[in-house]
Amino acid sequence: MFKPSALAYTYDGSFEGLLCCVFESYTWKEIPLAVHSEGEEQGLLLESKWIETEHAKAERVLKSIPLRISPEAEELVRLGFWSCTPEKEMLLLNFLYLGFKHGRKIMNMLADDTVNALMKAVQQLRREGHLYLGFVRFSVYGPVMAAVIEPQGYILPVIQEHFCDRFQNESFMIYDQTHGAALIHEPGREAIIPLSGWIAPEPDEAEEAYRRLWTGFYHAIGIKERRNDRLRSSLMPKRYWKHMVEMNGSNGVPALAAAQRKKALQPEPPKTIGPLPASLRQTNNHT
Amino acid sequence: MDVMEKLEILTASAKYDVACTSSGSDRKGQAGSLGSTAAMGICHSFAADGRCISLLKVLMTNACVYDCAYCINRKSNPVRRAAFTPEEIADLTMQFYRRNYIEGLFLSSGIMRNPDYTTEQLIAALELLRNVYHFNGYIHVKAIPGADDALLSRLGLLADRMSVNIELPSQESLGVLAPDKSKISILKPMGLIKDRIKENRSDIVNYNHAPRFAPAGQSTQMIVGASPDTDYQILNLTEGLYRKYALKRVFFSAYTPVIEDSLLPSLDTKPPLLREHRLYQADWLLRFYGFQANELLDEAVPNFNPLLDPKCSWAVNHREQFPVEINRAPYEMLLRVPGIGVRSAQRIVKARRAGTLDFQALKKLGVVLKRAQFFITCKGKPLEGLKVSEHTLLRSLMSGQQLAPFQPPQYEQMTLFEDHNLAALPAAEGWAGFKKGAEA
């Protein structure tokens, strides 16, 4: 079978790139000790091998997953790639070795360390995605809406369908500050694009009024005899509060964003949401 | 009065209504309208009391012609009164919904003039929201007992979920504390809603586009701790409601004293949160774990033990059914083991197809071994080194840490070894017998 080799793979950080690592590993029948994405900090002692991303190779690996393991395994691998678990690449590689060996049975092997770790990572991603279905806070700027999120996992693809269906007549953007990406939607088209350094514009009067009303509602609905901060923090961890108008204590203007805005004023004017660039309109369009 | 002031008054008046779930309805978005509903429900925020905020929960008005002793909006209580117009409600709902603050609207109302008039006002607000503003999100509306059948039927076609509050767990308590309401007047609309939902199901089979009547079903709630009813009575009633009226949920609301009344617990009474928690645990056992009310409590032991959760309590009283073999026990029996929930039971069933499970594996699947260890074997053997003495058993089964979130910090620390609590636990010789059971 495969022998472990004192090698590290380095790839471009894309999903296809990782699939090419799998291809490489099977080609040479070698198991790398680590897989790094480009630019990530690496173990110093290992010889590193650069894995070129080639669409055809990635396609072959991807196609074999539903055929030789199961369609659910394909979903699990995709979601696992978006999770924020440390060394997710090795985890996915190990899962695929096992999967190609055992076939569909792998999906039941919940007590196996690799399968268990992957399931947990995916569960965490799904859970965070679900939380964000509720915790995303849009600001309305005339005809468009925008929200900023800072998730741990890459959840935009997980929440995409929900928001694009619910707000199908709206033009909106959800900007993922952690991963430098944004989900952009206009009636009839949607896409996830790379984006960084976007800063939300100042709210107008109407926007501020509704933020105040919502914050007022939030404080009126709690029963003070039952106050329970621990329960609240366990259900809505504090890391989410920053971008939630009712929680950041500023009636809607996030304290940090306000500070950033001041800084940002000097070097370059903040970008605002414009129409989708023409090049994006054709890609990733599922309507 | 501006909208902000109205919103604060009418939210504060609605906050004692417990249900804020947005589940049970699964409707896709539509071109030309705003919103969708998700079957699993979505929490959009959590209030300082830790309760989920999913819906814009407000009253149409807090003016009321009734004088229910436990209610903050009773006629004789001198609070500030306010009323929303249908336009104000529709605007707030749309604007909040667009910003993703809420999953929808929960509309209830004090009784204006009479039940019919009140229901007409609710219909007016919902029709505006659905037909003019094209709101396609979740709506939960209160059915007003005593309103005309035709009006209630119209209301149900506009809402996802309807609820009629049963208010108090028995006719006697109702008679004392809510003299304007009776068991019959409450159960009648419940029956009507149930029949309409059933009719509607068959209509939908026949005509694809038949309008949906309360697709998320109906729920109810009752106040716990305002009257002397026992947990046994409450749980029996709950079970009856699920069976006879096909309710989706029964909610419990720990009574928070809001007004001084000689018929009620005094104003400094703390809400019985732990009791409410135990009732919810038991409610879960009824709905998802295949338990029946009379298995959990009976006339002799009519209240839950504050130290043991209802499932542990049942298990230590039915030691003859344990231990169960993890690799062979049917799903239904796995569900009855303390420390194994629906998820872990499903995972066990799935994982044991791929190979036999040991205790290490169980841990990975999410089984709480601290409690489960006394009730299970893997490959015929109990957990190695398991000590089943009265002391360890008690300590392992008692709810300690898990309860912390339900006991707000301002509460006095509960003394675990108070006499009346210990007396309710099974006697010492019982444990010895159980020990044999576990080792056999």
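**Some thoughts on the overall build of chain A**
Regarding its fold elements, chain A presents 10 helices and 10 strands. Scored against the burial criterion, the 287 residues of chain A give a buried share of 53%. Pairs at least 24 apart in sequence give 67% of the contacts found in chain A among residues at least 6 apart. Total accessible area computed for chain A in this model is approximately 14000 Å², and 55% of it derives from carbon and sulfur atoms.

**So, helix 6 (residues 183–206) of chain B**
Residues and elements named next belong to chain B. Look at helix 6: 35 Å from first C-alpha to last across 24 residues, which is about the 34 Å you get at 1.5 Å a residue. If you check which residues of helix 6 are buried, you get Ile-186, Leu-187, Pro-189, Met-190, Gly-191, Leu-192, Ile-193, Ile-197 and Asn-200. In this structure, the buried side of helix 6 is in contact with helix 4 (149–158), strand 6 (161–163), helix 5 (171–177), strand 7 (218–224) and helix 7 (231–245).

**Looking at the pattern of salt bridges**
Taken as a whole and judged by the stated rule, the model has 33 salt bridges over all chains. When the shortest N-O distance is used, the salt bridge between Glu207(A) and Arg99(B) registers 2.8 Å. With Glu207(A) in helix 7 (residues 205–221) and Arg99(B) in the loop between helix 2 (86–98) and strand 4 (104–108), the pair connects residues from two separate chains. Owing to a relative accessible area of 0%, Glu207(A) belongs among the buried residues under this scheme. Judged by relative accessible area, which is 2%, Arg99(B) ranks as buried. Within this structure, Glu24(A), Glu30(A) and Lys49(A) form a network of salt bridges that share partners.

**Describing the environment of Ser170(B)**
Residue and element names in this part refer to chain B. Within the secondary structure, Ser-170 sits in the loop between strand 6 and helix 5. Considering only alpha carbons, one finds Ser-170 and Glu-88, 82 residues apart in sequence, at a separation of 37 Å. Here the side chain of Ser-170 touches Ser-173 through a polar contact of 2.9 Å, side chain to side chain. Among the polar contacts listed, one links the side chain of Ser-170 to the side chain of Asp-229, at a separation of 2.7 Å.

**Brief notes about the packing of aromatic side chains**
Here the distance between the centres and the angle between the planes together describe a pair of aromatic rings. Inspection of the entire model under this criterion finds 24 aromatic pairs over all chains. One aromatic cluster is present, built from ring pairs that chain together Phe138(A), Phe163(A), Phe167(A), Phe172(A), Tyr97(B) and Phe135(B). Taking NZ or CZ as reference, Arg336(B) lies 4.0 Å from the ring centre of Phe291(B), over its face. The lysine or arginine in question, Arg336(B), covers the ring of Trp314(B), its NZ or CZ lying 4.9 Å from the ring centre.

**Points about the side chain of Ser64(A)**
Relative to the elements of secondary structure, Ser64(A) occurs in helix 2 (residues 55–68). When near neighbours in sequence (up to four residues on either side) are disregarded, Ser64(A) contacts Ile69(A) and Phe100(A).

**Some details on the pairing of strand 7 of chain B**
Residues and elements named next belong to chain B. Summarising burial for strand 7: 7 of the 7 residues are buried, a large majority. Residues Gln-218, Thr-220, Met-222 and Val-224 of strand 7 are buried on one face, and the alternating residues Ser-219, Gln-221 and Ile-223, pointing to the opposite face, are buried as well. In this structure, strand 6 lies alongside strand 7, joined through 2 bridges in parallel fashion. When the bridges of strand 7 are listed, Met-162 appears paired with Gln-218.

**Here's the deal with helix 8 (residues 273–288) of chain B**
Residue and element names in this part refer to chain B. For helix 8, which comprises 16 residues, the first-to-last C-alpha distance of 22 Å matches the rise-based estimate of 22 Å (1.5 Å per residue) to within 8%. Of all the residues in helix 8, the buried ones are Leu-273, Leu-274, Glu-276, His-277, Arg-278, Leu-279, Tyr-280, Ala-282, Asp-283, Leu-285 and Leu-286. Summarising the contacts, the buried residues of helix 8 are in contact with strand 7, helix 7, strand 8 (249–254), helix 9 (293–296) and helix 10 (310–317). Directly beyond the C-terminal end of helix 8, a positive phi value near 70° is found at Gly-290.

**What about the interface of chain A and chain B?**
Of the residues lining the interface, 57 residues belong to chain A; the matching set on chain B comes to 69 residues. Both sides together, the interface formed by chain A and chain B hides about 5400 Å², and carbon and sulfur atoms give 57% of it. At the surface where chain A touches chain B, the tally comes to 6 salt bridges. For the pair chain A and chain B, the number of links is 27 residue pairs in polar contact (both at pLDDT 80 or more). Those elements giving two or more residues to the side of chain A that touches chain B turn out to be helix 5 (113–135), helix 6 (156–166), helix 7 and helix 8 (229–235) of chain A. Among the elements that make up the side of chain A that touches chain B, the one with the highest residue count is helix 7 of chain A (11 residues).

**Regarding the confidence of the model for chain B**
All names here are of chain B. Mean pLDDT over chain B: 86, with 90% of residues reaching 70 or higher. Counted against residues more than four places away or in other chains, residues 426–440, with its pLDDT under 50, gives 24 contacts. Reported for the predicted complex are a pTM of 0.85 and an ipTM of 0.85.

**Some remarks on the sheet that holds strand 5 (residues 47–50) of chain A**
Residue and element names in this part refer to chain A. Spatially, the 3 strands line up as an open sheet ordered 4-2-5, and their pairing is parallel. Unpaired on one side and paired on the other, strand 4 (34–37) and strand 5 mark the two borders of the sheet. Recorded for the sheet is a direction-independent mean angle of 30° between the axes of neighbouring strands. In this structure, strand 2 (residues 7–11) lies alongside strand 5, joined through 4 bridges in parallel fashion. Paired with Thr-10 across the strands is Trp-50, a residue of strand 5. Its contacts with the sheet put helix 1 (residues 15–28) on strand 2, strand 4 and strand 5, and the angle it makes with strand 2 is roughly 145°. Lying on the sheet, helix 4 (residues 88–102) is in contact with strand 2 and strand 4; it crosses strand 4 at an angle near 130°.

**Side note on the packing of helix 7 of chain A against helix 2 of chain B**
One way to put it is that helix 7 of chain A packs onto helix 2 of chain B with a least axis distance of 11 Å and a crossing angle of 100°. One element, helix 7 of chain A, and the other, helix 2 of chain B, form an angle in the roughly perpendicular class. Each of Tyr210(A), Leu213(A), Trp214(A) and Phe217(A) in helix 7 of chain A lies in contact with helix 2 of chain B, whose residues at this interface are Asp91(B), Leu92(B), Gln95(B) and Phe96(B). In terms of residue class, the contact of helix 7 of chain A with helix 2 of chain B is built from 6 nonpolar, 1 polar and 1 charged.

Reading the values: the criteria
Residues numbered from 1 in each chain as written. Chains lettered and ligands numbered in written order. Predicted model: local features only at pLDDT ≥ 70, side-chain atom pairs only at ≥ 80, totals over all residues. Heavy atoms only, no water. Helix = DSSP H or I, 4+ residues; strand = E, 2+ residues; numbered from the N terminus. Buried < 20%, exposed > 50% of the residue type's maximum accessible area, 1.4 Å probe, protein only. Contact = heavy atoms within 4.5 Å. Areas by Shrake-Rupley, 256 points an atom, 1.4 Å probe, with all protein chains shown as cover. Expected span 1.5 Å × (residues − 1). Salt bridge = Lys/Arg side-chain N within 4 Å of Asp/Glu carboxyl O. Polar contact = N/O pair within 3.5 Å; in protein donor to acceptor, adjacent residues only side chain to side chain. Phe/Tyr/Trp six-rings, centres within 6.5 Å; stacked < 30°, edge-to-face > 60°. Lys NZ or Arg CZ within 6 Å of the ring centre and 35° of its normal. Pairing = 2+ DSSP bridges. Buried area = accessible area lost by both parts, 1.4 Å probe. pLDDT = per-residue confidence, 0-100. Axes fitted to C-alpha atoms, helices over the stretch in contact; angles between N-to-C directions. Parallel < 35°, antiparallel > 145°, perpendicular 65-115°, else oblique. Nonpolar A, V, L, I, M, F, W, Y, C, P; charged D, E, K, R; others polar.

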